[in-house]
Amino acid sequence: MYLEKNTYHFSQIWENLRQELREDIDTSISSALQQFKPVKPSFEEEAFLNIRQVCSIFKISKSQVYSLRRIHKNFPYHQIGKAVRYKQSEIQSFLKTVQDGK
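All figures in this text were calculated on a predicted structure; none of them were measured in a lab.

Trainee: Mind laying out the sheet that holds strand β2 (residues 78-80), listing which residues take part and the relevant values?
Mentor: With antiparallel pairing, three strands are arranged side by side in an open sheet as β1-β3-β2. Looking at which strands have only one partner, the edges of the open sheet turn out to be β1 (48-49) and β2. For β1 and strand β3 (residues 83-87), the ladder comprises two bridges, and the chain directions are antiparallel. Residue pairing for β3: Leu49 is matched across the bridge by Tyr86. Along the sheet face, helix α4 (residues 88-100) touches β1, β2 and β3 and points at about 70 degrees away from the line of β3.

Set out below in structure tokens:
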């Protein structure tokens, strides 16, 4: 009988502790979510394009992009890890200078 009372007492203490912890965690999460403000990219920031997107926007083939990179050392691209990405405005201004013969 004594063992049964202690078991009941400990299980009740354990359940109360779990409930308090759950409430503390919920409170912490809700306060963190209220402070969290997702970063929205501004329209001034330009996204990076992959080679397929560059080809479709400027109507050139992948081999033309690779040739431009090989021939013109100032061809604008950004290496992010192993990936190569391009900014549309940089490619546009580069192609304009090449077309103008500068």
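Past the structure itself, the notes keep going.
Trainee: Which residues make up the pattern of salt bridges, and what values do they have?
Mentor: Going through the model one piece at a time under the given rule, you end up with one salt bridge. In this structure, the salt-bridge partner of Glu15 is Arg18, at a minimum N-O distance of 3.5 Å. Of the two residues, Glu15 and Arg18 are both situated in helix α1 (residues 2-35); the distance of three residues between them amounts to about one turn of the helix. A residue is classified by how much of its surface remains accessible, and Glu15, at 38% relative accessible area, is partly exposed.

Trainee: Report on the nonpolar core, specifying residues and quantitative values.
Mentor: Nonpolar side chains tend to gather and get buried jointly when the protein is soluble and globular. Within the largest apolar cluster, 12 residues are counted, these being Leu49, Ile51, Val54, Cys55, Phe58, Ile60, Val65, Leu68, Phe75, Tyr86, Ile91 and Phe94. Of all the secondary structure elements, the ones that give two or more residues to this core are α2 (51-58), α3 (62-71) and α4. When residues of this core are assigned to their parent elements, the largest contribution, four residues, is made by α2. Sequence-distant contacts of Cys55, that is, excluding residues within four places in its chain, are made with Ile60, Ser61, Lys62 and Val65.

Reading the values: the criteria
Residues numbered from 1 in each chain as written. Predicted model: local features only at pLDDT ≥ 70, side-chain atom pairs only at ≥ 80, totals over all residues. Heavy atoms only, no water. Pairing = 2+ DSSP bridges. Helix = DSSP H or I, 4+ residues; strand = E, 2+ residues; numbered from the N terminus. Contact = heavy atoms within 4.5 Å. Axes fitted to C-alpha atoms, helices over the stretch in contact; angles between N-to-C directions. Salt bridge = Lys/Arg side-chain N within 4 Å of Asp/Glu carboxyl O. Buried < 20%, exposed > 50% of the residue type's maximum accessible area, 1.4 Å probe, protein only. Core = buried A, V, L, I, M, F, W, Y, C linked by side-chain atoms within 4.5 Å.

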